[in-house]
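What follows is each chain in one-letter form.
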Amino acid sequence: METNETIHDGVMKDVDGQLNPVPPKQNSVQPSVAEVYFYEEDVSLPYYTDRFNLEEGDTVFVEGKMAGKRGQVQKVSHTFRIRSGEYEQIRCVVTFSKPSKLYFSTSHLIEFRARALSVKQVKSWFGIPDEKVELLIGEGTETFRVSDPFTTGVNYEFGMKAHNEYFRKNKVKYLSLENGNGYAIVVDDQPYEVRFRMDKNGTGRALTCSCQEVGVCVHSQAVVFELWELMDTIMGKYRHEYLRFNRFYAVSKDFILPLLMNAKQSGSITID
Ligand SMILES: [Zn+2]
């Protein structure tokens, strides 16, 4: 739970005084079998879960052969008799738990509070489970400048490949910077998680990616290009919001708009 929230009488109250229902406790989940429909493949398959309270209309990611594809829950049953391991499991549920104001940039929508676009929430949109794994981390001494994406030390050809085939093609679907901690999701053959640290003067370090490339990979280099462009937009147009919250969260328009249209059954958008 975020540190700026407190619980009173079963509702979470955040700094803006907006009330949000407390999420259900883990132990109140009632196991179920659900029929999930996958649009692109036009196929429905059954899945088991003892981790999520599913509802009809939920958008989910699953384990097994449909891993990485978004599906929609068509039917949920709490009455079943199946062999353990017979059905694949639901991996995560796409949630939109908090309303928020999003600002436009050329390719992304930007938020300055950890609400609709918090790292935890956005991970669910990519089917990345929010789980603790043991990591071996080396932070190194290399640094880069946000104002010059080539200061990561990559050669020109490699930099241009990351620029043209990843950054320009909008493969950096998500990028956030929260109190100096950078986190991004780049979708290539699968979603990759890129992390970095950033000081107040625009010097970055500890740039790593979850792919197995040694050193700066195309995904991390594409993130540095995205950061360079987003910071330029933010400092030019939304400087006040950024300095007020000292963080931003940006999601690619071509990713979030279809997701919203498919997954939201209610709610509204305001355009100004
Ligand atoms: Zn990578």
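Residues numbered from 1 in each chain as written. Predicted model: local features only at pLDDT ≥ 70, side-chain atom pairs only at ≥ 80, totals over all residues.

**A look at the overall build of the protein chain**
Next, step 1: The number of helices and strands found in the protein chain is five helices and 16 strands.
Next, step 2: Counting across all 272 residues of the protein chain, residues that qualify as buried make up 29%.
Next, step 3: Taking the intrachain contacts of the protein chain between residues at least 6 apart in sequence as the baseline, contacts between residues at least 24 apart amount to 61%. (Helix = DSSP H or I, 4+ residues; strand = E, 2+ residues; numbered from the N terminus. Buried ≥ 20, exposed ≤ 12 C-beta atoms within 10 Å, placed from the backbone. Contact = placed C-beta atoms within 7 Å.)

**A short note on the confidence of the model for the protein chain**
Next, step 1: Scored by pLDDT, the protein chain comes out at a mean of 86, with 90% of its residues at no less than 70.
Next, step 2: Note on residues 1-22: pLDDT is under 50 here. Beyond four places in sequence and across chains, it has 20 contacts. (pLDDT = per-residue confidence, 0-100.)

**Remarks on the nonpolar core**
Next, step 1: Judged by nonpolar contacts, the single largest core of 56 residues is most densely connected at Val 186, Ala 222 and Val 223.
Next, step 2: The element best represented in this core is helix H3 (residues 218-237), accounting for eight residues.
Next, step 3: Those residues in contact with Val 186 that lie beyond four places of it in its chain are Tyr 166, Lys 171, Val 172, Lys 173, Tyr 192, Val 194, His 219, Ala 222 and Val 223. (Core = buried A, V, L, I, M, F, W, Y, C linked by C-beta atoms within 7 Å.)

**Here we look at the sheet that holds strand S8 (residues 90-93)**
Next, step 1: On the basis of which strands lie adjacent, the open sheet formed by five strands has the order S5-S4-S7-S6-S8 and antiparallel pairing. Strand pairing shows two members of the sheet lacking a second neighbour, strand S5 (43-49) and S8, which therefore form its edges. Between one strand and the next, the sheet's axes are offset by a mean angle of 45°, whatever the strand orientation.
Next, step 2: Both strand S4 (residues 32-38) and strand S7 (residues 71-77) contribute to a ladder of six bridges, which runs antiparallel. Its bridge partner lying in S7, Glu 35 is registered against Lys 75. (Pairing = 2+ DSSP bridges. Axes fitted to C-alpha atoms, helices over the stretch in contact; angles between N-to-C directions.)

**Quick notes on the pairing of S4**
Next, step 1: Sheet topology note: the S4/S5 ladder contains seven bridges and is antiparallel. Directly across from Ser 32, in S5, lies its bridge partner Thr 49.
Next, step 2: What sits between S4 and S5 in their antiparallel hairpin is a turn of four residues, with Asp 42 showing a positive phi close to 50°.

**Topic: the environment of Gln 221**
Next, step 1: When you line up the elements, Gln 221 lands in helix H3.
Next, step 2: C-alpha separation for the pair Gln 221 and Phe 150, spaced 71 residues apart in sequence, amounts to 8.4 Å.
Next, step 3: Setting aside anything within four residues of it in sequence, one finds Gln 221 in contact with Thr 152, Val 154, Phe 158, Gly 159, Ala 162 and Val 216.

**Concerning unusual backbone geometry**
Next, step 1: Phi is positive for Asn 179, which is not a glycine, with a value near 50°.
Next, step 2: Structurally, the position occupied by Asn 179 is in the loop between strand S12 (172-178) and strand S13 (181-187).
Next, step 3: Owing to 8 C-beta atoms within 10 Å, Asn 179 belongs among the exposed residues under this scheme.
Next, step 4: Look at Ala 206: it is not a glycine, yet its phi comes out positive at around 55°.
Next, step 5: Relative to the elements of secondary structure, Ala 206 occurs in strand S15 (residues 203-209).
Next, step 6: On the basis of neighbour count, Ala 206 is assigned to the partly exposed category, with 17 C-beta atoms found within 10 Å.

**Points about the environment of Met 198**
Next, step 1: Inspection of the secondary structure assignment puts Met 198 in strand S14 (residues 191-198).
Next, step 2: For Met 198, a count of 21 C-beta atoms within 10 Å translates into the label buried.
Next, step 3: The residues touching Met 198, leaving out its near neighbours within four places in the chain, are Leu 177, Gly 180, Gly 182 and Gly 204.

**Describing the pairing of S15**
Next, step 1: Where strand S11 (residues 143-145) and S15 come together, three bridges link them in antiparallel fashion. Counterpart to Arg 145 in the pairing with S15 is Thr 203.

**Overview of the packing of helix H2 (residues 156-167) against H3**
Next, step 1: For the pair H2 and H3, the least separation of the axes is 8 Å and the interaxial angle reads 75°. Judged by the inter-axis angle, H2 sits roughly perpendicular to H3. Each of Phe 158, Gly 159, Lys 161, Ala 162, His 163, Tyr 166 and Phe 167 in H2 lies in contact with H3, whose residues at this interface are Val 218, His 219, Gln 221, Ala 222, Phe 225 and Glu 226.
Next, step 2: Its residues assigned to classes, the contact of H2 with H3 comprises seven nonpolar, four polar and two charged. (Parallel < 35°, antiparallel > 145°, perpendicular 65-115°, else oblique. Nonpolar A, V, L, I, M, F, W, Y, C, P; charged D, E, K, R; others polar.)

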